[in-house]
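Chains, contacts and geometry: an overview
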Amino acid sequence: MREAYVIDAVRTPVGKRGGALSAVHPADLGAAAIKGLLERGNLDPAAVDDVVFGCCDTIGPQAGNIARTSWLAAGYPESVPGVTVDRQCGSSQQAITFGAQAIMSGTAEVIVAGGVQNMSAIPISAAMLAGQAYGFDAPFVGSHGWDHRYGTGEVSQFNSATMIAEKWDISRREMEEWALRSNERARKAIVDGKFDREIVPVGDFWIDECPRETTLEKMAGLQPLAEGSRITAALASQISDGSSATLLASDWAVAEYGLTPRARIHHVSARGADPIYMLTAPIPATKWALEKTGLTIDDIDVIEINEAFASVVLAWIKETGANPDKVNVNGGAIALGHPLGATGAKLFASLLNELERVNGRYGLLTICEGGGTANVTIIERLG
């Protein structure tokens with residue numbers, strides 16, 4: 001099997017809901033990351049074999065294969081195709097997986113993989129509600145097979161976050177401490193310029209908007225999302241807008257086009273878990289990935305796990321035994337936002353840059369996803 005090399009990874013700054021990116025058409029937002037990626041190197045865009053982009057809620061301006069329209073909106077050759085991937089919150093991580101697999105299999109030499117989401121323009125779960133006009137209340141309602149297996153109860157990430165906190169006995173205070181740490185780490189990372197290498201601006205906008213100045217006292221005063229829940233808005237990822245892009249290449253393309261790899265894809269996989277608990281799949285997915293590679297969690301130098309909710313990360317840490325000081329060291333989605341379809345490749349860019357910064361060898365990325373699945377990507381830094 002051939003190697004899949006990581007040449008570069010970038011992202012736009014993340015805009016908060018109603019913020020700097022809210023009026024940007026998703027195709028132009030996706031184009032910003034693609035252009036930023038390719039303009040940093042000397043690769044002819046015509047050499048790209050495919051554009052694989054993640055996106056959720058692909059209706060309205062995000063419909064019509066946003067991978068293809070983003071590429072064309074960037075002004076690049078019509079000869080290059082594109083395909084849009086929906087694995088919910090892990091969509092652009094899955095895009096990287098598909099791109100790496102294409103290169104490893106020998107069916108592609110150069111792939112642009114990433115994602116885009118404008119949650120201000122198209123609200124979260126808009127696609128799930130779009131069926132109401134046609135008589136479908138929700139994706140699961142009316143499926144006899146689903147009802148027989150899982151019942152007719154609530155299928156909700158908010159409910160899942162509460163169930164996880166209860167099952168792993170994670171207190172609201174513990175989650176608030178993690179959320180405070182996430183915001184403090186993110187604000188410090190911005191001041192220290194840790195995101196400068198991975199961010200490509202959109203016009204004059206180049207600094208993440210989402211990190212909050214908060215305190216434990218402020219968070220303690222918030223109402224829970226539901227009666228009896230331990231989860232508040234401060235403990236959840238932020239609705240936001242952004243895009244991301246990664247350049248992957250084969251060893252042949254590296255030599256042919258004079259590219260300089262920064263890392264290699266060491267492992268890609270995905271696993272599933274209970275779709276009602278929904279957000280627990282990073283636990284078995286991580287264990288599976290480590291078993292397949294022969295690595296231990298202590299071998300991993302930098303870890304990015306999406307902070308869909310604080311309970312998700314804290315349960316994962318409990319189960320894997322990961323060192324919290326290696327996890328989301330520059331903040332996570334609680335502070336920096338979670339632009340659904342773009343998040344995977346966004347975190348991938350942060351992972352790559354931090355791995356280089358600490359001179360580490362292995363970096364691991366995992367994301368919980370709607371439907372109870374999770375991706376794991378492990379990269380090995382070169383040089």
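Since the structure is predicted, the reported quantities are computational estimates derived from the model, not experimental observations.

1. Regarding the overall build of the protein
From N to C terminus, the protein includes 13 helices and 10 strands. Its C-alpha atoms give the protein a radius of gyration of 20 Å, within 12% of the compact-globule value 21 Å for 383 residues. The C-alpha extent of the protein, read off along each of the three principal axes, is 60 × 50 × 45 Å. Residue burial in the protein is summarised as follows: out of 383 residues, 56% are buried. Put simply, 81% of the contacts in the protein that link residues at least 6 apart link residues at least 24 apart.

2. Considering the pattern of salt bridges
This model, assessed by the stated rule, comprises 15 salt bridges. One salt bridge in this structure joins Glu-356 and Arg-197, with 2.9 Å as the shortest N-O distance. Placement of Glu-356 in helix H13 (residues 343–357) and of Arg-197 in the loop between helix H7 (172–191) and helix H8 (216–220) is noted, with a sequence separation of 159 residues between them. According to the relative accessible area criterion, Arg-197 is partly exposed, its value standing at 45%. The partner of Arg-357 in a salt bridge is Glu-354, with the nearest N and O atoms 2.8 Å apart. Separated by three residues within a single helix, Arg-357 and Glu-354 lie in helix H13, roughly one turn from each other. Salt bridges sharing partners connect three or more residues here, namely Asp-8, Arg-40, Arg-197, Arg-262 and Glu-356.

3. A few points about the layout of surface pockets
Here the largest pocket defines a volume of roughly 1100 Å³. The wall of the largest pocket is formed by 47 residues, among which Ile-124, Ser-125, Met-128, Gln-157 and Phe-158 lie closest to the centre. Secondary-structure elements contributing two or more residues to the lining of the largest pocket are helix H4 (126–129), helix H5 (144–150), helix H6 (157–167) and strand E9 (362–369). Top element by residues in the lining of the largest pocket is H4. It accounts for three residues.

4. Section: the side chain of Thr-286
For Thr-286, the position within the fold is in helix H10 (residues 282–293). Within the structure, the side chain of Thr-286 is placed 2.9 Å from the side chain of Trp-316, a separation counted as a polar contact. Thr-286 has contacts with Ile-297, Trp-316, Thr-320, Leu-364, Thr-366 and Val-376, leaving out every residue within four places of it along the chain.

5. Describing empty space enclosed by the protein
Scanning the model with the defined rule gives one cavity of 30 Å³ or more in all. Taken as a whole, the largest cavity spans an internal volume of roughly 40 Å³. Elements represented by at least two residues in the lining of the largest cavity include exactly H10 and helix H11 (310–320). Counting residues per element, the lining of the largest cavity draws most heavily on H11, at three residues. Across the lining of the largest cavity, the residue classes tally to eight nonpolar, one polar and no charged.

How each quantity is defined
Residues numbered from 1 in each chain as written. Predicted model: local features only at pLDDT ≥ 70, side-chain atom pairs only at ≥ 80, totals over all residues. Heavy atoms only, no water. Helix = DSSP H or I, 4+ residues; strand = E, 2+ residues; numbered from the N terminus. Rg over C-alpha atoms; globule rule 2.2 N^0.38 Å. Buried < 20%, exposed > 50% of the residue type's maximum accessible area, 1.4 Å probe, protein only. Contact = heavy atoms within 4.5 Å. Salt bridge = Lys/Arg side-chain N within 4 Å of Asp/Glu carboxyl O. 1 Å grid on protein atoms, 1.4 Å probe; cavity = no way out; pocket = protein on both sides within 12 Å on 5 of 7 lines; lining within 4 Å. Points joined across faces, edges and corners; volume = space filled by probe spheres on them. Polar contact = N/O pair within 3.5 Å; in protein donor to acceptor, adjacent residues only side chain to side chain. Nonpolar A, V, L, I, M, F, W, Y, C, P; charged D, E, K, R; others polar.

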